[in-house]
Amino acid sequence: MFVYDTRNQEEEKMRKNVKKVIAPLLAAAMALSCTVCVSAAEDETIKLTVWGAEEDQNLLKELTDKFQEKYTDQKFDIQIGVESESTAKDTILTDVEAGADVYAFADDQLPDLVKAGALLKLDDYAEALQLADTTLDDVKAANVEGAIDAATIDGSLYAFPRAADNGYFLYYDSSVISEEDAANWDSLLEAADKAGKKVGMTLASGWYNASFFYGAGFTTGLNDDGTTTMDWNGTSADGYTGVDVVKGMLDIASNPAFMAVADGDLSNQLASGNLAACVSGTWDAITAQDVFGDGYAATKLPTFTVGDAQVQQGSVAGYKYVGVNGYSENSGWAVLLAEYLTNEESQQMFFDQRESGPSNKNVAASDSVQENVALAALAAQSEYAQAQKVGGKYWDPAKTFGELIAQGTLSADDDNGIQEALDNLVEGATASVE
């Protein structure tokens, strides 16, 4: 039987990667060491493509221009394209080699991108970072621990943190709902009902509905083979049963003041004026400000009832990253550009122009960030948030399960029916990867 030996292929790829790192370093070093070599370096144009969100295009142009000003001895051709962080993985994996050299993406996509070779292992590019007068240890120290942890696999960092705002919390109209009302779901819904308004949240999404289980001490995890670990159909480390968590969710969903909002439709429901409060993230800050006016307020998520206890609702701590394609032809320079787009100065600009929540500790500690209503609420919720690491089989069963809650298909007094639904959820979400 013929067995294909991949070692030579891997060694060749490694040699190519080393060359890609060393080439730009040598060019820069030569440019700095002698006047004659500056012209030689300028004659070589480094071509790079950057993908980012549509709303970030102007800022990315400004930042890439500043990057080129920093490295004036090198000539660049940098093209900027539109690609949402939420869809980056799907587009990149369609044809990794044709993908951008540098691109932004959300944290939940990282495992699949690494598996496909679509992200460089940054630990291998320490020499390139020397040109930026920084190290990976500096990057790790500058950003919040959660953002580093979520980008780390087997001890290696695969992307530069750019934002720590990919999470959710509670917006509310303080002219209708008091701070005390917003503290738990019972009083929140009661206050909204009195005002003839509703409280909106997406339940048919494993990103949102996991918040109830995480708050009660349940977990999800990602195995090396891409499968998900999940314990929602049992008893959590905090002593709560999955059945009791579901009963608490059903109690909320069945309230006449609750609105189960379809995934992606929250902004429209908020803009309609029907809501006095909603669970969402920083992307809805401007809409919430416009709708609630002087009553605009935000805080951590409420507590909810599990058995006889009030349990703080958890959430997903989401991060946004800038990574380098494993097939980049100019990977050394691509690493330098990705680092530049995510450094302290750039994260400050993302906040100033886009109200993006920084992962950089210094920017996050600034008065302007601390005084931002939405980001302050996100920070308050962060104590109860966690990175969500799950495999691809998780999402559809979690969505279906959330639909059962939203539609009232399950009954709060049917323990057996709830247990069966939880068992089906876990069975589907933890299925083997085909």
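Refer to the structure above for everything that follows.
Residues numbered from 1 in each chain as written. Predicted model: local features only at pLDDT ≥ 70, side-chain atom pairs only at ≥ 80, totals over all residues. Heavy atoms only, no water.

A.B. asks: Quick rundown of helix α3 (residues 57–70)? Include the residues and the values.
C.D. replies: The first and last C-alpha atoms of α3 sit 20 Å apart over 14 residues, in line with the 20 Å expected at 1.5 Å per residue. On its buried face, α3 sits against β1 (45–52), β2 (75–82), α14 (331–341) and α15 (344–354). (Helix = DSSP H or I, 4+ residues; strand = E, 2+ residues; numbered from the N terminus. Expected span 1.5 Å × (residues − 1). Contact = heavy atoms within 4.5 Å.)

A.B. asks: Could you give me a rundown of the side chain of Thr 282, with the residues and numbers involved?
C.D. replies: Considering the arrangement of structural elements, one finds Thr 282 in the loop between β12 (275–280) and α13 (285–292). In this structure Thr 282 comes out as buried when scored by relative accessible area, which is 14%. In this structure, Thr 282 is in contact with Asp 165, Phe 169, Tyr 171, Ala 374, Leu 375 and Leu 378, ignoring residues within four places of it in sequence. (Buried < 20%, exposed > 50% of the residue type's maximum accessible area, 1.4 Å probe, protein only.)

A.B. asks: Explain helix α20 (residues 415–429) residue by residue, including any values.
C.D. replies: Along its 15 residues, α20 runs 21 Å from first to last C-alpha, staying within 8% of the 21 Å computed at 1.5 Å per residue. Within α20, burial applies to Gly 417, Ile 418, Ala 421, Leu 422, Leu 425, Val 426 and Ala 429. For α20, the elements touching its buried residues are α10 (210–215), β10 (228–230), α11 (242–253) and α19 (395–406).

A.B. asks: Describe in detail the pairing of strand β8 (residues 198–201), supporting the description with residues and values.
C.D. replies: Taken together, the three bridges between β8 and β12 define a ladder with parallel strand orientation. Counted as the bridge partner of Lys 198 is Leu 275 from β12. Bridging between β8 and strand β11 (residues 258–260) involves three bridges; their strand directions are parallel. Its bridge partner lying in β11, Met 201 is registered against Ala 260. (Pairing = 2+ DSSP bridges.)

A.B. asks: For the pattern of salt bridges, give the residues involved together with the corresponding values.
C.D. replies: Inspection of the entire model under this criterion finds nine salt bridges. Residue Glu 55 is joined to Arg 354 by a salt bridge in which the shortest nitrogen-to-oxygen separation is 3.9 Å. Separated by 299 residues along the polypeptide, Glu 55 in the loop between β1 and α3 and Arg 354 in helix α15 bring together distant segments of the chain. We classify Arg 354 as partly exposed; its relative accessible area is 33%. (Salt bridge = Lys/Arg side-chain N within 4 Å of Asp/Glu carboxyl O.)

A.B. asks: Would you mind going over the sheet that holds strand β6 (residues 160–163) in detail, with residue names and values included?
C.D. replies: Read across the sheet, five strands follow the order β2-β1-β3-β17-β6 without closing on themselves; strand pairing throughout is mixed. One side of each edge strand has no neighbouring strand; the edge strands of this open sheet are β2 and β6. This sheet shows a mean twist of 25° between the axes of neighbouring strands, independent of strand direction. As paired strands, β1 and β2 are joined by eight bridges and run parallel to one another. Bridging across to β2, Thr 49 finds its partner in Gln 79. (Axes fitted to C-alpha atoms, helices over the stretch in contact; angles between N-to-C directions.)

A.B. asks: For the packing of aromatic side chains, give the residues involved together with the corresponding values.
C.D. replies: Following the criterion strictly, the structure yields 21 aromatic pairs and no others. Ring centres 5.1 Å apart and planes at 80° place the aromatic pair Trp 207 and Tyr 208 in the edge-to-face group. Overall, the relative accessible area of 18% leaves Trp 207 in the buried class. Look at Phe 213 and Phe 218: their rings are 5.9 Å apart centre to centre, the planes differ by 80°, and that puts the pair in the edge-to-face class. Accessibility assignment for this pair places Phe 213 and Phe 218 in one class, buried. The side chain of Arg 162 reaches across the aromatic face of Phe 350, ending 3.9 Å from its centre. (Phe/Tyr/Trp six-rings, centres within 6.5 Å; stacked < 30°, edge-to-face > 60°. Lys NZ or Arg CZ within 6 Å of the ring centre and 35° of its normal.)

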